[in-house]
Every structure is written in structure tokens, then in C-alpha cells.
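# Analysis of the macromolecular model
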Amino acid sequence: MPLDQLENQNPEVYHKSADRPPTLEEQDDSVVDDFDRREIFDLIREINDPEHPLTLEQLHVLQEDLIQVDNEKNTLHINFTPTIPHCSMATLIGLSIRVKLLRCLPARFKVTVEVTPGTHNAEEQVNKQLADKERVAAALENSHLIKVINQCIAPRARA
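Residues numbered from 1 in each chain as written. Predicted model: local features only at pLDDT ≥ 70, side-chain atom pairs only at ≥ 80, totals over all residues. Heavy atoms only, no water.

The name given to the protein in an unreviewed UniProt entry is MIP18 family-like domain-containing protein, with the source organism recorded as Rhamnusium bicolor. Regarding the protein, the relevant UniProt record gives this comment under Sequence similarities (unreviewed entry): "Belongs to the MIP18 family." (UniProt positions renumbered as here; feature names shortened; annotations may be inferred.)

### Let's talk about the pattern of salt bridges
Within this structure, the stated rule accounts for 4 salt bridges. A salt bridge links Glu64 to Arg38; the nearest nitrogen and oxygen atoms lie 3.7 Å apart. With Glu64 in the loop between helix H2 (37-44) and strand E1 (67-70) and Arg38 in helix H2, the pair connects residues that are 26 residues apart, well separated along the chain. We classify Glu64 as partly exposed; its relative accessible area is 26%. Of the charged contacts, one joins Glu57 and Arg45 as a salt bridge, the two residues approaching to 3.0 Å between their closest N and O atoms. Of the two residues, Glu57 is situated in the loop between H2 and E1 and Arg45 in the loop between H2 and E1; the sequence distance between them amounts to 12 residues. Overall, the relative accessible area of 2% leaves Glu57 in the buried class. Shared partners join several salt bridges into a network, and the residues in it are Arg38, Asp42, Arg45, Glu57 and Glu64. (Salt bridge = Lys/Arg side-chain N within 4 Å of Asp/Glu carboxyl O. Helix = DSSP H or I, 4+ residues; strand = E, 2+ residues; numbered from the N terminus. Buried < 20%, exposed > 50% of the residue type's maximum accessible area, 1.4 Å probe, protein only.)

### A few points about unusual backbone geometry
Despite not being glycine, His60 has its phi angle at roughly 65 degrees, a positive value. Considering the arrangement of structural elements, one finds His60 in the loop between H2 and E1. Here the phi dihedral of Asn74 falls at roughly 55 degrees; this positive angle occurs in a residue that is not glycine. On the accessibility criterion, Asn74 (22% relative accessible area) is partly exposed.

### Digging into a negative patch on the surface
On the surface, a cluster of negative charge is made up of Glu25, Asp28, Asp29, Asp33, Asp34 and Glu72. Residue placement: Glu72 occurs in the loop between E1 and strand E2 (75-80). (Patch = residues over 30% accessible without salt bridge, like charges linked within 9 Å, V, L, I, M, F, W, Y side chains within 5 Å. Areas by Shrake-Rupley, 256 points an atom, 1.4 Å probe, with all protein chains shown as cover. Lys, Arg positive; Asp, Glu negative; His and termini not counted. Charge placed at Lys NZ, Arg CZ, Asp CG, Glu CD.)

### A closer look at the packing of aromatic side chains
For the structure shown, the criterion picks out 1 aromatic pair. Between Phe35 and Phe109, the aromatic rings sit 5.3 Å apart at their centres with planes inclined by 85 degrees, giving edge-to-face as the arrangement. Taken as a pair, Phe35 in the loop between helix H1 (24-27) and H2 and Phe109 in the loop between helix H3 (90-104) and strand E3 (110-115) lie far apart in primary sequence, 74 residues in all. This pair shows no difference in class: Phe35 is buried, exactly as Phe109 is. (Phe/Tyr/Trp six-rings, centres within 6.5 Å; stacked < 30°, edge-to-face > 60°.)

### Let's talk about the sheet that holds E1
If you trace the 3 strands from one edge of the open sheet to the other, you get E1-E2-E3, paired in mixed fashion. Either end of the sheet is taken by a strand with one partner, and the two such strands are E1 and E3. Sheet twist, expressed as the average angle between the axes of neighbouring strands with direction ignored, equals 10 degrees. Sheet analysis places E1 next to E2, joined by 4 bridges and oriented antiparallel. When the sheet's bridge partners are listed, Gln68 is paired in E2 with His77. Along the sheet, H2 contacts E1 and E2; its crossing angle with E1, the most-contacted strand, is approximately 125 degrees. (Pairing = 2+ DSSP bridges. Axes fitted to C-alpha atoms, helices over the stretch in contact; angles between N-to-C directions. Contact = heavy atoms within 4.5 Å.)

Printed below as a string of C-alpha cells:
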């Protein structure tokens, strides 16, 4: 997308969190350990922004404290914060987060991805789209859209 068409031409860029070294228990396949918010954050923090050559973590779209994990109920709730209140990429970002988690987590988890309350002008509509299983399934059958999502969740070479 040409620079003059970007919605947020100069986004604020934040420092990335330090990588968390895995513990011995996490490396031991015989130990059953629950998922925690940091582990979920580590799965999604490197998702690429669809408009900028930055990750969602660098743009503060994703933050560890906006993740809730309930291993007993097998639920996961992610809030994400668009960089601007009228971001037209919010649904695409939400879909990218959802697809990344669905590909990485056991099928037992019910994953909910929503816009952080009060951070987007069309928050209710975006959340409704992301919660509609049929709409999400149809979106993921769109070859162009899945190609864009795959680009967002593809790992980048680390600097």
C-alpha cells in the first residue's frame, strides 16, 4: 500500500518484551503444564501488522495484560487495541490473531478475540464479525483473504 494511503502513517512504536527463556518443566514433555497468558502472548506477539513492517506487539495492538486464559474451562480471551479508532484493518487483525491461535492451540480451547473496549469506532460490529463462526469460516475460504492472513502470521527474520 502506498504511503499516502496508510490510515496511520506514523504509528507510535513500542519496545518489544524480552524473550522468555523456557523453564526446565516447560521443556520436559512428561510434565503437564497449563497455558498461561505469557505463553499465549508469545504465540501471537510476532504477528505482522497488515499495513506496517512492524509486529502487533511493537504497535501495542497486543499486550500481555489483555489476555485471559482459563485452563479449567478451556477458554481464551484476547483483547487487541487498534492504533487508531477508525482502523479499517481491525477485523483483519482480529482474524489473524484468531487463525494463529487456532493453528497453535489444542482444539479444546474456545478462542474469543475482541477489540479492547472503547478503542475503536466500530467496536461492536468488529466484535460481532469476529464472534460469528459462519462469517469467520466463510472469510477463511476466501483465497485472497487467507493469503493476507498467512502473510500476517508468517514469521519474519529476526534482526
